[in-house]
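What follows is the residue order along each chain.
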Amino acid sequence: MTRLPTAIFLGFALLPAAAAFGTETYLLDLFMRVMIFSIAALGLDLLVGYGALVSFGHAAFIGIGAYAVAILASHGINEALISLPVALIAATAFAYLTGTICLRTRGVYFIMITLAFGQMAFFLASSLAPYGGDDGLTMHARSTLFGLSPFKNERLFYYIVLACLIGCYCLCRSLVVSRFGRVFRGARENATRMATLGFDIYRYQLAAYAISGALGGLAGFLLANATDFVSPAYMSWQRSGELIIMIILGGLGTLHGAIIGTLAYSLLGEYLSGLTENWKMIFGPLLVLVVLLARGGLLGLAGQVAAWWRKQHAEPQP
Amino acid sequence: MSMSLLIVQILNGLQLGVLLFLIAAGLTLVFGVMNFINLAHGVQYMLGAYLAVMFYGMTGSSLLALVFALLAALAFGLFLEFVVFRHLYERDHLDQVIATFGIILFLNQAVKYIWGAAPLSLPIPEYFSGSIVLLPGLTYPIWRLVIIASGLAIALLLYVLVSRTRLGMLVRAGANNAPMVSALGVDIRRLFMIVFGFGTMLAGFAGIMIAPILSVEPGMGDTILILAFVVIVIGGIGSIRGAFIAALLIGLADTLGRSFSVDILRLVMAPSPARTVGPAIASMLIYLMMALVLYFRPTGLFPPKGR
């Protein structure tokens, strides 16, 4: 189980060296965005894969984190020691408050009420006239740390993002195997039984929702610094939908599946859009095929192929 | 805010409401009976509009365009059902979401590829063009009234169909417990296909009707899809009556909110912040309503019994 994630992180770590031979800034930029969205996708996989709580407003957390940084920056506060906690707290608080309401509902209704709050955040951002409204807000300076500016050096920034990703992965991994995680997963399988066992599952789910929001906030902080720009489009429902598709594409409830899915989705989109202007006419049917043929996403497909391979090679033996 | 403006906006709200109902009705039936989340439902609405434009260009007749576009939309919907959707009924909701999202991506781009990215338009049928005087000093476009009337007529037809016919009985039973209906010897696959085809046609019809007053462009189905989901969730999934009431509620709240929020806020705050806050609240209003409804009624206003 640990080999694949290690390989992924190693791949990310070695990329800048390989990229130095090619179009470095382009590749660094692309993979940095993949890692940033992977952080948010990890948080979403925690909810969807381990708790069957399909949040359709997840982009809002990213957006809130990003806006927190950009708004502070527009007031001249660039210190990450201030803006990062503010971004995290804002996203977590939003997740916690909306979570208290969302978690009253189940199934499709949960999907739709999280969408509702996501849309509210979207329209709120669109109406922030002092901070750009619909047009978004440009950040004139990236965040600083202790007065230094590590985010200005692309390579250093890249490794900071990688460190954040690994940290979040380890956090989520330890969460799902902890007692907390077992209760949370138990609620996915059978909420009534967990309640009968004496667990107040609402509190567990709320905590998980808030943690997931915090991961989104972190992704938002990094994203704002990576793009030097925030806009309401970061919170659009299409973004939330994309995040869901990324984690399903990779394989739900595995954590590294979220990273693989984000990687596959972003790279495939990037590749196809370079190929033809009408790349979505290829991409759309591909998504349909993945669903119809590969249960459990790309990881599931890999598992099926591996099982088939083993069977082929095991047959000659009596 | 004058009286005639209020009446005009209420009529506009009704028009949006019946349009939402036409789309939400199919969505809620497909969802309620087949337990299938069809994100591609909004694309059917877009397709209806495009097909109407195309057939109008070919025949030059609004009526023929309507008939052909409806038939083509139906045929295409059934084709999608046959090729993709029927393999998804047994699957997880998330699988359905990703597959139908893939279809949205494909069709939005395909429409752009075939008809171009520039918005198209469809003329209002001659005999319904122009405006009518409702009250002294109050005129209103006839076509919008036609939309309202046809939407209400279809709502009535659906009501009779669902509550008075044998087919409707099966649909209601299917929404409550599809496996049981199947066990009683009803060909559930055929029922699914009828419901699906009907829903598709309603969405196509909505697209055709709105085409003359809206620009026909790729992606026009995406926004309306989300609104339709809001409607069916507020109304209670699987309930036609709920969808109808919620659609009118959403249509009126959204339209009136956008027109009057600034004026109302000015009663309690200074004009300049009211101009900023007003539009924000107006665009959030329906989502605010949805959150409130779900807070007090976690399964919508009219959840079908027995689930």
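The structure displayed is predicted, hence computed values, not measured ones.

Engineer: Give a description of the packing of aromatic side chains that names residues and reports values.
Structural biologist: Evaluated as defined, the whole model comprises 25 aromatic pairs over all chains. Each residue in the set B:F36, B:F85, B:Y89, B:F192 and B:F196 is aromatic and connected to the rest through ring pairs, giving one cluster. Above the plane of the ring of B:Y295 lies A:R104, whose end atom (NZ or CZ) is 4.3 Å from the centre.

Engineer: Please give an account of the nonpolar core that cites residues and values.
Structural biologist: Of all hydrophobic cores here, the largest spans 206 residues; its most connected members are A:F12, B:F85 and B:Y287. The contact partners of A:F12, leaving out residues within four places of it in the chain, are A:F31, A:V34, A:M35, A:Y158, A:L162, A:L165, A:I259 and A:L263.

Engineer: Describe empty space enclosed by the protein, with residues and values.
Structural biologist: Using the criterion set out here, one finds two cavities of 30 Å³ or more in the structure. Empty space within the largest cavity amounts to approximately 140 Å³. Lining the largest cavity we find 14 residues, and of these A:F56, A:I111, B:I37, B:L39 and B:V97 sit closest to its centre. Contributions of two or more residues to the lining of the largest cavity are made by α5 (107-126) of chain A together with α4 (93-115) and α8 (220-235) of chain B. Take the lining of the largest cavity: its biggest share by element is four residues, from α5(A).

Engineer: Now, about the interface of chain B and chain A: what can you tell me, with residues and values included?
Structural biologist: The interface is formed by 39 residues belonging to chain B together with 37 residues belonging to chain A. Buried area between chain B and chain A, summed over both chains or domains, comes out near 3,700 Å², and the portion from carbon and sulfur atoms is 81%. Taken as a group, B:R91, B:L94 and B:I98 account for 18% of the area that chain B buries against chain A, more than any other trio of residues on that side. The tally of links between chain B and chain A comes to zero salt bridges. Among the elements of the structure, α4, α8 and α10 (271-296) of chain B are those that each provide at least two residues to the side of chain B that touches chain A. Broken down by element, the residue count for the side of chain B that touches chain A peaks at 13 residues, all from α4(B). Across the side of chain B that touches chain A, the residue classes break down as 27 nonpolar, nine polar and three charged.

Engineer: I'd like a description of the pattern of salt bridges, backed by residues and values.
Structural biologist: Residues and elements named next belong to chain A. Throughout the structure, instances matching the rule amount to six salt bridges over all chains. With its nearest N and O atoms 2.8 Å apart, the salt bridge here joins D228 to R142. Placement of D228 in the loop between α9 (201-227) and β2 (229-230) and of R142 in the loop between β1 (137-138) and α6 (154-177) is noted, with a sequence separation of 86 residues between them. Given a relative accessible area of 25%, D228 falls into the partly exposed group.

Engineer: Could you give an account of the pairing of strand β2 (residues 138-141) of chain B, naming the residues involved and the relevant values?
Structural biologist: Residues and elements named next belong to chain B. Taking every second residue as pointing to the same face, the buried face of β2 carries L138 and Y140, while none of T139 and P141 on the other face is buried. The pairing of strand β1 (residues 131-135) with β2 spans four bridges and is antiparallel. Looking at the pairing, L135 lines up with L138 of β2. Once β1 ends, the chain turns through two residues before running back antiparallel as β2, passing G137 with a positive phi of about 80 degrees.

What counts as what
Residues numbered from 1 in each chain as written. Chains lettered and ligands numbered in written order. Predicted model: local features only at pLDDT ≥ 70, side-chain atom pairs only at ≥ 80, totals over all residues. Heavy atoms only, no water. Phe/Tyr/Trp six-rings, centres within 6.5 Å; stacked < 30°, edge-to-face > 60°. Lys NZ or Arg CZ within 6 Å of the ring centre and 35° of its normal. Core = buried A, V, L, I, M, F, W, Y, C linked by side-chain atoms within 4.5 Å. Buried < 20%, exposed > 50% of the residue type's maximum accessible area, 1.4 Å probe, protein only. Contact = heavy atoms within 4.5 Å. 1 Å grid on protein atoms, 1.4 Å probe; cavity = no way out; pocket = protein on both sides within 12 Å on 5 of 7 lines; lining within 4 Å. Points joined across faces, edges and corners; volume = space filled by probe spheres on them. Helix = DSSP H or I, 4+ residues; strand = E, 2+ residues; numbered from the N terminus. Buried area = accessible area lost by both parts, 1.4 Å probe. Salt bridge = Lys/Arg side-chain N within 4 Å of Asp/Glu carboxyl O. Nonpolar A, V, L, I, M, F, W, Y, C, P; charged D, E, K, R; others polar. Pairing = 2+ DSSP bridges.

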